[in-house]
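Survey of secondary and tertiary structure
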Amino acid sequence: MTFLTWLQNDTAGLLTLAAVSVVLLLVLIMRLRLEPFIALIVTGVLVALVAGVSVTDLVGTPIKASQSLFETGFAGILGHIAPIIGLGTVLGAIMERSGGADALTERLLRLFGPKGAPLAMGVTGLVLGIPVFFDIGIFVLAPLVYVAARRGGRSLVLYAMPMLAGLSMTHAFLPPHPGPVTAGGLLGVGMGWVIAMGLLCGIPAWLVSGVWWGSFIGRRIHVDVPEDLPGGHGPGSGGTGAAPATDTDTDTDTDTGGGTGTVTRTAVAAPPSVALISSIIAVPLVLILAATVASVALPEGTVLRDVLVLLGTPAIALTLSVLLALYLLGIRRGTSMAELGRISGESLRPVGMILLVVGAGAFFGKVLQTTGVGDALAGSMTAIGLPVIASAYLISAALRIAQGSATVAIVTTAGIIGPTVAAGGYSQAQLALIVVAVSAGSIIASHVNDGGFWIVARYFNMSVTQTLMTWTVLETILSVVGFAAAALVWAFV
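Residues numbered from 1 in each chain as written. Predicted model: local features only at pLDDT ≥ 70, side-chain atom pairs only at ≥ 80, totals over all residues. Heavy atoms only, no water.

This part takes up the overall build of the protein. For the protein, the helix and strand inventory stands at 22 helices and 2 strands. Its C-alpha atoms give the protein a radius of gyration of 23 Å, within 12% of the compact-globule value 23 Å for 493 residues. Oriented by its inertia axes, the alpha-carbon framework of the protein measures out at about 75 × 55 × 45 Å. Within the protein, buried positions represent 57% of all 493 residues. When contacts within the protein are restricted to residue pairs at least 6 apart in sequence, long-range pairs at least 24 apart make up 78% of them. When the accessible area of the protein is evaluated, it comes to approximately 19000 Å², of which 67% is carbon and sulfur surface. On the protein, the mean spot of the 21 positive side-chain charges and the mean spot of the 23 negative ones are 9 Å from each other. (Helix = DSSP H or I, 4+ residues; strand = E, 2+ residues; numbered from the N terminus. Rg over C-alpha atoms; globule rule 2.2 N^0.38 Å. Buried < 20%, exposed > 50% of the residue type's maximum accessible area, 1.4 Å probe, protein only. Contact = heavy atoms within 4.5 Å. Areas by Shrake-Rupley, 256 points an atom, 1.4 Å probe, with all protein chains shown as cover. Lys, Arg positive; Asp, Glu negative; His and termini not counted. Charge placed at Lys NZ, Arg CZ, Asp CG, Glu CD.)

Structure, rendered in structure tokens:
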């Protein structure tokens, strides 16, 4: 038996190929600084060729390539997630420009009072984090955190950590964010189940990491509100914390927000009501959950079931929510369609890189599945008795720690465990819990190789050591508790 034959056909050879492919991927991203989507394509092509996949099967022919691994790998996932991520991004941008974050924060600060201000910031992050990307959420809410910290006269950490935990939890566990949407699409689970299990596991994780840990560490590490705030503007001593009317800031984020985007914030004289903001956020979540319930509880062919399933299709539900936001937060408040179009266009700039990474990751996963590498890994995990939910978490966590990108960790993990999941006959609830486990692993131990780490350090005036002691620990707690909750629920579904 030649070495190449052993590599292509023997279980040990296939496992070796899997390990080498992951190492190669990490080297390309970490050492050579190659864009993740390019690294995933290069690795996928090389693994396919070494494993004996023909060129025709891999890329097709000049005449027809629609059935090739390359095109089916990309197309299989992008058709599912592209409209969801795009619509969710537009919804968040319209909501952010409307001044809804300011109104929500002020209302919660009044509701919870001075002593409950850290919890108010946490709830704000939790609610606003559903439609808004992580890095954009920080940009919008940081001035409001500064105001709360100045009013309270305590460490900035005490107010920032609950808010960051809320943003991170929703970004990791809930649609329409790229991570859970991608994992759900790759593993074949309905978005309603992802929302339900994401909330069930994410809320306890937020309480422990944001509320308990934020309170604990916020009393032990004192950080002053910066005088020279990021973006060049500081909140007024008695204002709401909103930026001046012509405040433009550009943030670069290697992972958490999905790319580089230009954000233009426009102060609003009379922000929308909290009830209106909350209702618009709730519309797609309620419709998607209603469709999930209807598909289980109502008989096929009934009008009510068909209507609920149609309206609860994630892309349809988000389209309805975006249309509501365009009218209620835009047109009705005097914003022209041209301005709304500009806002939507700006918000979609970072989405391209997200979709490229996801598509390339899906191609890589398709290669692993076709070559038998995935089946070899599945057999090995079964042989050592490691549950698939634990394998998913550990693989995702290892990839996250090694290279820093949550998106890369998610798409690579989904490709590796895909054959095991497909052969396991798992229910939708179990598949959703596997998605939670993958997502939880993808946020563990944010450190210096993660763009989000530097955003947090910069915006909240912390040194590298302070950021490691606060933010890195918060993300690890959020990850571990989220996975523990998923594992606990797994035992009962």
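Applying the stated criterion across every chain, the model contains 7 salt bridges. Residue Glu346 pairs with Arg342 through a salt bridge whose shortest N-O separation is 2.7 Å. You can see Glu346 and its partner Arg342 sitting in helix α15 (residues 337-347), 4 residues apart, about one turn around the helix. In this structure, a network of salt bridges that share partners links the residues Glu96, Arg97, Glu339, Arg342 and Glu346. (Salt bridge = Lys/Arg side-chain N within 4 Å of Asp/Glu carboxyl O.)

Moving on: the confidence of the model for the protein. Averaged over all residues, the pLDDT of the protein equals 85, while 91% of them reach at least 70. Scored below 50 in pLDDT, residues 230-268 makes 105 contacts in the model with residues more than four places away or belonging to other chains. (pLDDT = per-residue confidence, 0-100.)

On the surface, a cluster of nonpolar side chains totalling about 360 Å² of accessible area is made up of Leu207, Val208, Trp212 and Phe216. Among the structural elements, Val208 can be located in helix α11 (residues 191-218). (Patch = residues over 30% accessible without salt bridge, like charges linked within 9 Å, V, L, I, M, F, W, Y side chains within 5 Å.)

Here we come to helix α20 (residues 428-441). With 14 residues, α20 extends 20 Å between its outermost C-alpha atoms, agreeing within 8% with the 20 Å of an ideal straight helix rising 1.5 Å per residue. Burial within α20 is extensive, with 13 of its 14 residues counted as buried. (Expected span 1.5 Å × (residues − 1).)

Let us look at the nonpolar core. When a protein is soluble and globular, its nonpolar side chains tend to lie buried together. Ranked by internal contacts, the top residues of the largest apolar core, which has 151 residues, are Ile138, Leu164, Ile434 and Phe460. Beyond its immediate sequence surroundings of up to four residues, Ile138 is in contact with Leu164, Leu167, Ile455, Val456, Tyr459 and Phe460. (Core = buried A, V, L, I, M, F, W, Y, C linked by side-chain atoms within 4.5 Å.)

Before going further, it helps to spend a moment on the environment of Gly214. Following the sequence through the fold, Gly214 ends up in helix α11. Here Gly214 falls in the buried class, since its relative accessible area comes to 0%. Spatially, the C-alpha atoms of Gly214 and Ser347 are 30 Å apart, while their sequence positions differ by 133 residues. Not counting residues within four places of it along the chain, the set of residues in contact with Gly214 comprises Leu158, Met161 and Ser209.

What follows is about the packing of aromatic side chains. With the rule as written, the count across this model stands at 11 aromatic pairs. Relative to Trp6, the ring of Phe3 has its centre 5.7 Å away and its plane inclined at 35 degrees; by these criteria the two rings are tilted. Here Phe3 pairs with Trp6, and both are found in helix α1 (residues 3-9), just 3 residues apart, close to one helical turn. Ring centres of Tyr393 and Phe483 lie 4.2 Å apart, and the angle between their planes is 10 degrees; on these two criteria the pair is classed as stacked. Residue Tyr393 is found in helix α18 (residues 388-403), and its partner Phe483 is found in helix α22 (residues 464-490); the two are separated by 90 residues along the sequence. Side by side, Tyr393 and Phe483 carry an identical accessibility label, which is buried. Taken together, Phe70, Phe74 and Phe363 form an aromatic cluster joined through their ring pairs. (Phe/Tyr/Trp six-rings, centres within 6.5 Å; stacked < 30°, edge-to-face > 60°.)

On to helix α21 (residues 451-459). Owing to its 3.6 residues per turn, the α-helix aligns residues three or four sequence positions apart on the same side. Across the 9 residues that make up α21, a large majority, 7, are buried. Regarding α21, the residues found buried are Gly451, Gly452, Phe453, Ile455, Val456, Ala457 and Tyr459. The N-cap residue of α21 is Asp450: its side-chain oxygen and the backbone nitrogen of Gly452 are 3.1 Å apart. Count one or two residues on from α21 and you reach Asn461, which has phi positive near 60 degrees. (Polar contact = N/O pair within 3.5 Å; in protein donor to acceptor, adjacent residues only side chain to side chain.)

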